[in-house]
Amino acid sequence: MILELADIRIQPGKQQEFDAAIQRGVEQIISKATGFAGYKVHKGIESPERYVLTILWQTLENHTVDFRESPAFTDWRALVGPFFAVAPTVEHFTLLTESH
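Residues numbered from 1 in each chain as written. Predicted model: local features only at pLDDT ≥ 70, side-chain atom pairs only at ≥ 80, totals over all residues. Heavy atoms only, no water.

Per an unreviewed UniProt entry, the protein chain goes by Antibiotic biosynthesis monooxygenase family protein and derives from Collimonas pratensis.

Here is the structure:
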């Protein structure tokens, strides 16, 4: 399992609109992608224009190839991209350890 972590900064004053757009985008577009295994969206408290999107993928290639090179990625960016203040920082992680 691969964890994708996207650090997203949006334009000030657009939180309510972005909240709806990111939820719709994940639920209607990303969740249908090959290898998608779940997601979480966190909103910043001290930085209200900051969001952290985490997505679980079966493999790294499910995100980097299957999704990113598909028309669905273009649809996703068309929905959420207009809110971005800067391009999101996206990194991938493997699990080292966890609580029980």
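Anyway, onward from the coordinates.
Alignment of strand β1 (residues 2–9) against strand β3 (residues 50–57), held across eight bridges, turns out to be antiparallel. Among the inter-strand pairings, A6 is bridged to a residue of β3, identified as L53. (Pairing = 2+ DSSP bridges. Helix = DSSP H or I, 4+ residues; strand = E, 2+ residues; numbered from the N terminus.)

Once that is clear, we can look at the environment of I22. Structurally, the position occupied by I22 is in helix α1 (residues 15–28). Here the alpha-carbon distance between I22 and E91, two residues 69 residues apart in the chain, equals 18 Å.

On the UniProt side, "domain: ABM" (unreviewed entry) is annotated at positions that read residues 2–93 here. The annotated region residues 2–93 carries 35% helix and 32% strand content, and the separation between its end C-alpha atoms amounts to 6 Å. (UniProt positions renumbered as here; feature names shortened; annotations may be inferred.)

Among the nonpolar cores identified, the biggest contains 21 residues, and I8, F18, I22, L53, F67 and W76 are the most heavily contacted of them. When residues of this core are traced back to their parent elements, those giving at least two are β1, α1, β3 and α3 (71–80). Contact partners of L53, with chain neighbours within four places excluded, come to E4, L5, A6, I8, I22, V26, Y39, K40, V41 and W76. (Core = buried A, V, L, I, M, F, W, Y, C linked by side-chain atoms within 4.5 Å. Buried < 20%, exposed > 50% of the residue type's maximum accessible area, 1.4 Å probe, protein only. Contact = heavy atoms within 4.5 Å.)

Moving on: the pattern of salt bridges. Taken as a whole and judged by the stated rule, the model has three salt bridges. A salt bridge links D7 to R50; the shortest N-O distance between them is 2.7 Å. Highlighted residues: D7 in strand β1 and R50 in strand β3, separated in sequence by 43 residues. The class of R50 is partly exposed, set by a relative accessible area of 32%. Between D19 and K43 there is a salt bridge, and its shortest N-O distance comes to 2.7 Å. Taken as a pair, D19 in helix α1 and K43 in strand β2 (residues 36–43) lie far apart in primary sequence, 24 residues in all. On the basis of relative accessibility, which here comes to 48%, the residue K43 falls in the partly exposed class. Counted as one network, the salt bridges with shared partners bring together D7, R9 and R50. (Salt bridge = Lys/Arg side-chain N within 4 Å of Asp/Glu carboxyl O.)

This paragraph deals with the packing of aromatic side chains. For the structure on display, the rule yields six aromatic pairs. Ring centres 5.6 Å apart and planes at 65° place the aromatic pair F18 and F83 in the edge-to-face group. Of this pair, F18 sits in helix α1 while F83 sits in the loop between α3 and β4 (89–93), and the two are 65 residues apart along the sequence. On the basis of relative accessible area, F18 is assigned to the buried category, the value being 0%. Assessed through its relative accessible area of 13%, F83 is described here as buried. (Phe/Tyr/Trp six-rings, centres within 6.5 Å; stacked < 30°, edge-to-face > 60°.)

In this section: helix α2 (residues 60–67). For α2, every residue scored as buried is listed here: N62, H63 and F67. Across the axial projection of α2, the buried residues extend over an arc of 95°, all falling on one side. Tucked into the core, α2 has its buried residues touching β1, β3, α3 and β4. (Arc of directions from axis to C-beta.)

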